[in-house]
Amino acid sequence: MSLDRIDIAILDTLQRDGRIPNAALAEKVGLSQSACSRRLDNLEKSGIIRGYHARLSNAALGHQMTAIVHISLSGQFEKTLTEFEAAVKRCPNILSCHLMSGEYDYILRIAARDLADYERIHKEWLSAMPHVTKINSSFALREIIDRTAMGMKPELA
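Residues numbered from 1 in each chain as written. Predicted model: local features only at pLDDT ≥ 70, side-chain atom pairs only at ≥ 80, totals over all residues. Heavy atoms only, no water.

A word on the nonpolar core. Membership of the largest hydrophobic core comes to 19 residues, with the highest contact counts inside it found for Val69, Ile94, Leu108, Ile110, Tyr118, Leu126 and Met129. Every element with two or more residues in this core is listed here: strand S1 (65–73), helix H4 (78–90), strand S3 (106–112) and helix H5 (115–126). Here this core gets five residues from one element, more than from any other, and that element is S1. Not counting chain neighbours up to four residues away, the residues in contact with Ile110 comprise Met65, Thr66, Ala67, Val69, Asn93, Ile94, Tyr118, Ile121 and Leu126. One finds Leu14, Leu25, Leu40 and Leu43 within the second-largest nonpolar core, a separate group that totals 14 residues. (Core = buried A, V, L, I, M, F, W, Y, C linked by side-chain atoms within 4.5 Å. Buried < 20%, exposed > 50% of the residue type's maximum accessible area, 1.4 Å probe, protein only. Helix = DSSP H or I, 4+ residues; strand = E, 2+ residues; numbered from the N terminus. Contact = heavy atoms within 4.5 Å.)

Below is the structure:
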């Protein structure tokens, strides 16, 4: 789907305020409400907009620690990857998981209450996942940036 300046304005606005009413969004981007609604539907159907979410604070929910975990598996066979990924999806503390190129097979971002909670996650979840041969954990001292919004550039249109 090719994006024009109005699509980009819609996306830029929604990234800042996903709860903006259609009437306000339409006014902001210079469209009628019905035209804005049609464009929004097209952006959703095309998969550019994947959903609308509330951003929660892990710290406010009691998860003060963020661990970045590098995982090595016993191989890169499809069955190995599929079984590991299925196990990752079952662990509620894993916030994100990325299949990587390079030294490690996966990088995980994990929320834990404290070091004891991370040890529990390590024992009960990470060490028990299929095909894991190496786990390397690092702990974030401070979060500098956690973007969910991408800067939209009009020249992409």
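Moving on to the domain arrangement of the protein. Under the domain assignment used here, the protein contains domain 1 (5–54) and domain 2 (59–140). Computed from C-alpha coordinates alone, the two centres of domain 1 and domain 2 are separated by 35 Å. (Domains from an automatic or database assignment.)

Estimated volume of the largest pocket: approximately 1500 Å³. If you trace the largest pocket, you find 36 residues lining it, with His53, Arg55, Asp146, Arg147 and Thr148 closest to the centre. Counting only elements with at least two residues in the lining of the largest pocket, the list comes to helix H1 (5–16) and S1. Broken down by element, the lining of the largest pocket gets its largest block of residues, four residues, from H1. The residue inventory of the lining of the largest pocket, partitioned by class, reads 17 nonpolar, 10 polar and nine charged. Two domains share the lining of the largest pocket, each providing at least three of its residues, namely domain 1 (5–54) and domain 2 (59–140). (1 Å grid on protein atoms, 1.4 Å probe; cavity = no way out; pocket = protein on both sides within 12 Å on 5 of 7 lines; lining within 4 Å. Points joined across faces, edges and corners; volume = space filled by probe spheres on them. Nonpolar A, V, L, I, M, F, W, Y, C, P; charged D, E, K, R; others polar.)

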